[in-house]
Amino acid sequence: MKKIILFLALALCFNPIYSQKKKTPQKTTSSVLAKFENLSVEIIKNNLCLLILNKEAKKDTIVLKNSIENSLPKECKILPFSAKNVKLYNISWIENKVTETKLKIEDATTVFTEICELASKTKLLSNEQTTTKIKEIHFLDAKQTVSETIQKVRNEGSVLSLTKEGDVILKNKTQETRMIYNPTNNMFVNTSISAAKKKK
């Protein structure tokens with residue numbers, strides 16, 4: 001009996017004691033993609049946001065895009081520029097999406113652009129331009145024994161560029177549109193539309 005008691009006592013001594021640690025609440029993590037002065041582009045709760053750090057250590061947020069579903073945006077940039085003596089910011093990034101079937105692969109690269117005005121926390125202009133590289137197998141006979149691979153490129157949307165004056169040029173294969181900033185209304189206006197109104 002003494003041997004049993006001694007054995008139990010020894011077993012208790014060498015038995016590791018497990019203590020429960022307090023679970024620390026998980027902090028919401030964010031991925032910083034670009035920084036400029038007091039601005040940063042980050043992914044917060046799956047949304048792409050522009051964060052503005054103010055002097056009072058308070059952050060203002062402009063949501064650039066909801067629900068980032070694909071891989072992380074690439075080549076994210078914050079570019080300041082002036083239009084009609086107002087400081088604006090051109091935020092751009094690239095997203096890639098590959099769609100694949102047995103006969104077709106589509107590799108789509110999209111350039112997103114958002115032009116923002118910080119004082120009003122407003123998105124003034126949004127643009128998307130997508131280039132899709134397509135690789136497709138075409139069968140040359142009814143029994144599908146002979147095939148050829150066809151490659152082509154499809155472009156959608158307009159390429160956005162900025163002038164020294166802060167005007168926006170949107171250009172695609174068929175047309176070119178120039179947009180100027182109107183500080184009174186805090187918006188970009190199509191010059192061709194405004195010119196047509198003046199003629200009337």
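Notes on the structure in this doc start here. These numbers come from a predicted model, not from an experiment.

## Some points on the overall build of the protein
When helices and strands are tallied, the protein shows 2 helices and 13 strands. The 200 residues of the protein split such that 30% are buried. Of the roughly 15000 Å² of accessible surface on the protein, 54% is carried by carbon and sulfur atoms.

## So, the environment of valine 111
Looking at the secondary structure, you find valine 111 in strand β7 (residues 104-117). As for valine 111 and glutamate 128, which are separated by 17 residues in sequence, their C-alpha atoms are 5.7 Å apart. Beyond its immediate chain neighbours, meaning those up to four positions away, valine 111 contacts Trp93, Ile94, Asn127, Glu128 and Gln129.

## Thoughts on a nonpolar patch on the surface
Together, Leu103, Ile137 and Phe139 make up a nonpolar patch on the protein surface, roughly 220 Å² of accessible area in all. One can find leucine 103 in the loop between β6 (86-100) and β7.

## Quick notes on the sheet that holds strand β4 (residues 59-65)
Pairing is antiparallel across the open sheet formed by 4 strands, whose spatial order is β1-β2-β3-β4. Two strands close off the open sheet at either side, each with one partner strand: β1 (31-36) and β4. Across the sheet, the mean angle separating the axes of adjacent strands is 25° when strand polarity is ignored. Two elements, β1 and strand β2 (residues 39-44), share 5 bridges in a ladder whose sense is antiparallel. Across the sheet, the residue bridging to serine 31 is isoleucine 43, located in β2.

## Here we look at the packing of aromatic side chains
Tallied over the full model, the rule gives 3 aromatic pairs. Judged by centre distance (5.3 Å) and plane angle (10°), the ring pair of tryptophan 93 and phenylalanine 112 falls under stacked. Of the two residues, tryptophan 93 is situated in strand β6 and phenylalanine 112 in strand β7; the sequence distance between them amounts to 19 residues. A relative accessible area of 9% places phenylalanine 112 in the buried class. Judged by centre distance (5.5 Å) and plane angle (55°), the rings of tyrosine 181 and phenylalanine 188 are tilted.

## Focus on the environment of leucine 118
As for its placement among the helices and strands, leucine 118 is situated in the loop between β7 and β8 (122-139). Leucine 118 sits 31 residues away from lysine 87 along the chain, and the two C-alpha atoms are 8.4 Å apart. Excluding its chain neighbours within four sequence positions, the residues that come into contact with leucine 118 are Leu39, Leu50, Ile52, Ile62 and Tyr89.

## So, the pattern of salt bridges
In this structure the tally under the stated criterion is 8 salt bridges. With a shortest N-O distance of 3.2 Å, arginine 178 and aspartate 167 are connected by a salt bridge. You can see arginine 178 sitting in strand β12 (residues 176-182) and its partner aspartate 167 sitting in the loop between β10 (159-162) and β11 (168-171), a full 11 residues away along the chain. Residue class for arginine 178 comes out partly exposed when judged on its relative accessible area of 34%. Overall, aspartate 167 belongs to the buried group, its relative accessible area being 7%. Residues participating in the shared-partner salt-bridge network are Lys104, Glu106, Arg154 and Glu156.

About the thresholds
Residues numbered from 1 in each chain as written. Predicted model: local features only at pLDDT ≥ 70, side-chain atom pairs only at ≥ 80, totals over all residues. Heavy atoms only, no water. Helix = DSSP H or I, 4+ residues; strand = E, 2+ residues; numbered from the N terminus. Buried < 20%, exposed > 50% of the residue type's maximum accessible area, 1.4 Å probe, protein only. Areas by Shrake-Rupley, 256 points an atom, 1.4 Å probe, with all protein chains shown as cover. Contact = heavy atoms within 4.5 Å. Patch = residues over 30% accessible without salt bridge, like charges linked within 9 Å, V, L, I, M, F, W, Y side chains within 5 Å. Salt bridge = Lys/Arg side-chain N within 4 Å of Asp/Glu carboxyl O. Pairing = 2+ DSSP bridges. Axes fitted to C-alpha atoms, helices over the stretch in contact; angles between N-to-C directions. Phe/Tyr/Trp six-rings, centres within 6.5 Å; stacked < 30°, edge-to-face > 60°.

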